[in-house]
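# Observations on the three-dimensional arrangement
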Amino acid sequence: MSEGPYSRYGAGGSSAGYSSAPTRGSYSGSAPGYGQGYGGAAYGSSGASYSAPSPGGYGQQPSYSQSAGANENFGSSPNQVDTSNKGGKKSMALQALNKNVIMWAGFFTASLFVYFMMSGGDFSFLMTYGAMSRMFGFGILNVKTFLSKRATGVSVKTLQLYCLVFFFRLTSIIRHEGYLPYDKSGDWLYHVIEIMALLFTGCALWGCMCPFKSTYQGEMDKFGEMNVPPGMGALYLAVPVAILAILVHPNLNSDFLSDVAWTYAMYLESVALVPQLFMFQKQTSGVVELLTAHFVAALGFGRVMEFMFWIYSYHELATSAGSKLPGYLALFSQFMQLVLMLDFFWYYYLAVKNATPLVLPSHGTAMGIV
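Residues numbered from 1 in each chain as written. Predicted model: local features only at pLDDT ≥ 70, side-chain atom pairs only at ≥ 80, totals over all residues. Heavy atoms only, no water.

## Quick notes on the overall build of the chain
What counts is decided by this rule: Counting from the N terminus, the helices are the DSSP runs of H or I reaching at least four residues and the strands are the DSSP runs of E reaching at least two. Exposed residues in this analysis have more than 50% of their type's maximum accessible area, buried residues have under 20%, and partly exposed residues fall in between, with area computed by a 1.4 Å probe over protein chains only. Throughout, a residue-residue contact means that at least one pair of heavy atoms, one from each residue, lies within 4.5 Å.
Counting secondary structure elements, the chain contains 9 helices and 2 strands. Seen in sequence order, the chain has helices and strands lined up from the N terminus as α-α-α-α-α-α-α-β-α-α-β. Here the chain, with 370 residues, has 48% of them falling under the buried criterion. When contacts within the chain are restricted to residue pairs at least 6 apart in sequence, long-range pairs at least 24 apart make up 80% of them.

## Topic: the environment of Phe223
Checked against the element boundaries, Phe223 lands in the loop between helix H4 (189–209) and helix H5 (235–247). Phe223 sits in the buried class, given a relative accessible area of 16%. In sequence terms Phe223 and Lys282 are 59 residues apart; their C-alpha atoms lie 10.0 Å from each other. Excluding residues that lie within four positions of it along the chain, Phe223 makes contacts with Lys157, Gly233, Leu237, Val274, Pro275 and Phe278.

## A few points about the packing of helix H2 (residues 125–148) against H4
A pair of packed helices can be characterised by two numbers: the angle between their axes and the separation between those axes. The test is simple: Helix axes are fitted only over the stretch in contact, all axes being lines through C-alpha atoms; the angle between N-to-C directions runs from 0 to 180 degrees. Throughout this description, any angle smaller than 35 degrees is read as roughly parallel, any larger than 145 degrees as roughly antiparallel, any in the 65 to 115 degree range as roughly perpendicular, and the remainder as oblique. Left-handed describes a crossing in which the near helix is turned anticlockwise from the far one by less than a right angle; the clockwise case is right-handed.
Put simply, H2 and H4 touch, their axes get as near as 9 Å, and they point 25° apart. As judged from the angle between their axes, H2 and H4 are roughly parallel. In the packing of H2 onto H4, the handedness of the crossing is left-handed. Contacts between H2 and H4 pair Met127, Thr128, Ala131, Met132, Arg134, Met135, Phe138, Gly139, Leu141, Asn142 and Phe146 from the former with Leu189, Tyr190, Ile193, Glu194, Met196, Ala197, Phe200, Thr201, Cys203, Ala204, Trp206 and Gly207 from the latter.

## Here's the deal with the packing of aromatic side chains
The criterion, for reference: Aromatic pairing here means that ring centres of Phe, Tyr or Trp (its six-membered ring) are within 6.5 Å. Orientation follows from the plane angle: under 30 degrees is stacked, over 60 is edge-to-face, and everything else is tilted.
Under the counting rule described, the total for this entry stands at 31 aromatic pairs. Ring centres of Phe223 and Phe278 lie 5.8 Å apart, and the angle between their planes is 70°; this geometry places the pair in the edge-to-face category. Taken as a pair, Phe223 in the loop between H4 and H5 and Phe278 in helix H7 (residues 274–282) lie far apart in primary sequence, 55 residues in all. Here a set of aromatic residues connected by ring pairs shows up, and it is made of Trp104, Phe107, Phe108, Tyr115, Phe116, Phe125, Tyr129, Phe136 and Phe301.

## Description of the confidence of the model for the chain
We count it as follows: The pLDDT value expresses, per residue, how confident the predictor is, ranging between 0 and 100.
Overall, the predicted model of the chain reaches an average pLDDT of 78, with 71% of residues at or above 70. For the chain, the element scoring lowest by mean pLDDT is helix H1 (residues 67–118), at 63; helix H3 (residues 156–173) scores highest, at 97. Here residues 363–370 is a poorly scored stretch, pLDDT under 50, and it has 24 contacts once near neighbours within four places are set aside; other chains count.

## Overview of H3
Because an α-helix completes one turn every 3.6 residues, residues spaced three or four positions apart along the sequence face the same direction. Quick note on the threshold: Given the number of residues in a helix, its expected span is that number minus one, multiplied by 1.5 Å.
With 18 residues, H3 should reach 26 Å at 1.5 Å per residue; the first-to-last C-alpha distance of 26 Å fits that figure. Burial analysis of H3 places 13 of its 18 residues in the buried class, the great majority of the element.

## Details of the pattern of salt bridges
Spelled out, the test is: Here a salt bridge means any side-chain nitrogen of Lys or Arg lying within 4 Å of a carboxyl oxygen belonging to Asp or Glu.
For the structure on display, the rule yields 13 salt bridges. A salt bridge links Arg134 to Glu269, with the nearest nitrogen and oxygen atoms 3.2 Å apart. Taken as a pair, Arg134 in helix H2 and Glu269 in helix H6 (residues 256–269) lie far apart in primary sequence, 135 residues in all. Here the two residues Arg134 and Glu269 agree in accessibility, since each one is buried. The shortest N-O distance in the salt bridge between Arg150 and Glu289 comes to 3.3 Å.

## A closer look at the nonpolar core
To be explicit about the condition: By convention a nonpolar core is built from buried Ala, Val, Leu, Ile, Met, Phe, Trp, Tyr and Cys residues, the set being connected through side-chain atoms within 4.5 Å.
Among the nonpolar cores identified, the biggest contains 84 residues, and Phe344 and Leu358 are the most heavily contacted of them. Here this core takes 12 residues from helix H8 (residues 290–313), the largest share from any one element.

## Remarks on unusual backbone geometry
Even without a glycine there, the phi angle at Lys149 is positive, about 60°. Tracing the backbone shows Lys149 in the loop between H2 and H3.

## A closer look at the side chain of Ser270
Put simply, the test is: Here a polar contact is recorded for every N or O atom pair within 3.5 Å, except that within protein the pair must consist of a potential hydrogen donor and a potential acceptor, and residues adjacent in sequence are included only if both atoms are side-chain atoms.
Here Ser270 shows up in the loop between H6 and H7. At 3.4 Å, the side chain of Ser270 and the backbone oxygen of Met266 are in polar contact. Beyond its immediate sequence surroundings of up to four residues, Ser270 is in contact with Arg303, Ser333, Gln334 and Gln337.

## Side note on a nonpolar patch on the surface
Under the convention used in this document: Note that patches include only residues with greater than 30% relative accessible area and no salt bridge, and the join distances are 9 Å for like charges and 5 Å for nonpolar side chains (Val, Leu, Ile, Met, Phe, Trp, Tyr). Surface accessibility in these figures is a Shrake-Rupley result with a 1.4 Å probe; residues are shielded only by whichever protein chains are displayed.
A surface patch of nonpolar side chains, amounting to about 780 Å² of accessible area, comprises Met232, Leu235, Val239, Ile243, Ile246, Leu247, Phe256 and Leu257. Counting through the fold element by element, Leu235 comes out in helix H5.

## Topic: the packing of H7 against helix H9 (residues 325–354)
Axis separation between H7 and H9 bottoms out at 11 Å; the angle between their running directions is 40°. Looking at the two axes, H7 sits oblique to H9. Of the two possible hands of crossing, H7 and H9 adopt the one that is left-handed. Along the contact surface, H7 presents Val274, Leu277 and Phe280, while H9 presents Leu340, Met341 and Phe344.

## Let's talk about the environment of Ala298
Among the structural elements, Ala298 can be located in helix H8. For Ala298, a relative accessible area of 0% gives the class buried. Separated by 158 residues in sequence, Ala298 and Ile140 have C-alpha atoms that sit 8.9 Å apart. Among all residues touching Ala298, those that are not within four sequence positions of it are Trp104, Ser133, Arg134, Phe136 and Gly137.

Next up, the structure:
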């Protein structure tokens, strides 16, 4: 059993270091549809255009002998096409919105249930909430991969790094309690969420490397591939972070290996999405598949929750000598991850707002959503 101000079972059983005021917030938002919205643009902006058949027009033979009348009809067709396409795009956007509202509403409903029934309303629930969001994100990724039977747009390096994140975190929190949420969710639920997240991540990695390997875009997933074997570019992130965790780590578990393992997971998670964001920038079309965008957004949302928690609790992450440097590094690493994702968050917001595909800004001047 761990000791220290962060311990869930410290002297007196109090939650020193945490704000006991429960935070009750409703997070809402809708996300764009599953790959819908492509091809919604109206054609015919230049040159001859084809008019969409009017309702009931199928089966009627056009008369080509009346050239004047035909020309007049073709002359009026662009407005008809625009009207038809606008109606179709609105219908597709509505369908996409409905699907994503259900998906995200399910997640937020489960979050509220856990908050009121399994957390006790303690501030440290934000840690559990962040873990739930990560698990939700990797669940979305598995749905995307196995239903579409494609691994396009997914960075294997990011999946490798997250497997390390969950593995090392679990080796710490299963053996000791110094870094667990203080509320009731830290008794067992937090462990289950992290285990499920590891399983989801491993399953997605297996899908990308085995059954759907032919669709994996390895030529775009090139982060860090310099002087290392192909596919091993994640070493440029994993190794330096491991050295940093060994040198600077808190001492809440009073166990060197356990403390380093948890710190390594904390630092590594802050850079684990870098290969995925790098891959987004390498895509020639600039269009990010919507389920992949949801996956990244869920991970980012989880990081926001944890960052909010550590803003008020970073002072608990102190070394055995009393230095608060690990707490400052934890805040800095999480803040930098959010800064790296700001661009993505903005274009994800535009995609949510318009229920259309997400296009990243590095691809041409037309940065909007197509």
